[in-house]
Amino acid sequence: VTKCRAGPTTTVDSAKANLAGTFVNAFVNAGFGNDKLMAKAEEGNSWVYKNKDHGMLSATASLGLSLLWDTDEGLSQVDKYTYSPEEHIKSGALLAFGILNCGVRTEADAALGLLGEYIENKSVSLKISAIMGLGLAYAGAQQGDIMEMLLPLVGDDSVSMEIASLAALALGFIFVGSGNGEIA
């Protein structure tokens, strides 16, 4: 018989379990849009609010995977999280937009319109999520307008290495296999 004792490790274990549950739920329900933890949860009862900090970001982003390619339903489901006062939830929503739109090509270009405005945001978390969201949404698309948006971040010495490297990674996703000299 082992004794269980409450303490700091209990909180860490609970946070890890919630994060693991988030990822399992997202992958099991990828593209179905019917999971009860996120997409079909009652207002205020979403799994997002049962996490903290980066767990909130991951849980919100997982909604994009659950609603993968369903831009009609997905955009409205994810959009409500962009109005959250919690920055981690807002960042997760931006990443969810990118995941949701991965491989979707329409004239509306919703992902570019929604994520493009956050590229110049002062918040590092929002900026990173927007950059990675664009990289995922336009992977393989070789869109020049996104290159014009992200390439200056790569070469700017005043930008942190984190932002520059993630902008370079996103550009790599977008221009994969293109042989583009500027991106290389």
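Since this is a predicted model, take the numbers as computed values, not measurements. (Residues numbered from 1 in each chain as written. Predicted model: local features only at pLDDT ≥ 70, side-chain atom pairs only at ≥ 80, totals over all residues. Heavy atoms only, no water.)

Enquirer: Sorry, what's going on with the overall build of the protein chain here?
Expert: Broken down by element type, the protein chain carries eight helices and zero strands. Expressed as a percentage of the 184 residues in the protein chain, the buried residues total 44%. Counting only contacts in the protein chain whose residues sit at least 6 apart along the sequence, the fraction spanning at least 24 positions is 67%. Carbon and sulfur atoms make up 57% of the accessible area of the protein chain, which totals about 10,000 Å². (Helix = DSSP H or I, 4+ residues; strand = E, 2+ residues; numbered from the N terminus. Buried < 20%, exposed > 50% of the residue type's maximum accessible area, 1.4 Å probe, protein only. Contact = heavy atoms within 4.5 Å. Areas by Shrake-Rupley, 256 points an atom, 1.4 Å probe, with all protein chains shown as cover.)

Enquirer: Quick question: what am I supposed to make of the side chain of Ser129 here?
Expert: Inspection of the secondary structure assignment puts Ser129 in helix H6 (residues 124-137). Judged by relative accessible area, Ser129 falls into the buried class, the value being 5%. Among the polar contacts made by the side chain of Ser129, one reaches the main-chain carbonyl oxygen of Ser91 at a distance of 3.1 Å. Excluding its chain neighbours within four sequence positions, the residues that come into contact with Ser129 are Leu57, Ser91, Leu94 and Leu95. (Polar contact = N/O pair within 3.5 Å; in protein donor to acceptor, adjacent residues only side chain to side chain.)

Enquirer: How do you make sense of unusual backbone geometry when you look at a structure like this?
Expert: The phi angle of most residues is negative, glycine excepted, and most peptide bonds adopt the trans form. Positive phi, normally seen in glycine, also occurs at Gln142, with a value near 55°. Along the chain, Gln142 turns up in the loop between H6 and helix H7 (144-155).

Enquirer: Would you mind going over the nonpolar core with me for this structure?
Expert: In a soluble, globular protein the nonpolar side chains are often hidden away together inside. Ranked by internal contacts, the top residues of the largest apolar core, which has 42 residues, are Leu94, Leu115, Ile119, Ile131, Tyr138, Leu150 and Leu153. Elements that contribute at least two residues to this core include exactly helix H2 (54-66), helix H4 (87-100), helix H5 (110-116), H6, H7 and helix H8 (161-174). The element best represented in this core is H4, accounting for eight residues. Setting aside residues up to four positions removed in sequence, Leu153 forms contacts with Ile119, Ile131, Val159, Ile163, Ala164 and Ala167. (Core = buried A, V, L, I, M, F, W, Y, C linked by side-chain atoms within 4.5 Å.)

Enquirer: Could you clarify how one ought to interpret the packing of H2 against H4 in this entry?
Expert: Each pair of packed helices can be summarised by the angle the axes make with each other and by the distance between the axes. Look at H2 against H4: their axes get within 7 Å of each other, and the N-to-C directions meet at 25°. One element, H2, and the other, H4, form an angle in the roughly parallel class. Our pair here, H2 against H4, has a crossing hand that is right-handed. Of the residues in H4, those touching H2 at His54, Met56, Leu57, Thr60, Ala61, Gly64 and Leu65 are His88, Ile89, Ser91, Gly92, Ala93, Leu95, Ala96, Ile99 and Leu100. Considered class by class, the residues forming the contact of H2 with H4 number ten nonpolar, six polar and no charged. (Axes fitted to C-alpha atoms, helices over the stretch in contact; angles between N-to-C directions. Parallel < 35°, antiparallel > 145°, perpendicular 65-115°, else oblique. Left-handed = near helix turned anticlockwise from the far one by under 90°. Nonpolar A, V, L, I, M, F, W, Y, C, P; charged D, E, K, R; others polar.)

Enquirer: Help me understand H7 in this model?
Expert: Because an α-helix packs 3.6 residues into every turn, residues spaced three or four apart end up facing the same way. Here H7 is twelve residues long and its end C-alpha atoms lie 17 Å apart, about the 16 Å a rise of 1.5 Å per residue gives. Residues of H7 that are buried sit in contact with H5, H6 and H8. (Expected span 1.5 Å × (residues − 1).)

Shape descriptors only; they carry no functional weight alone.
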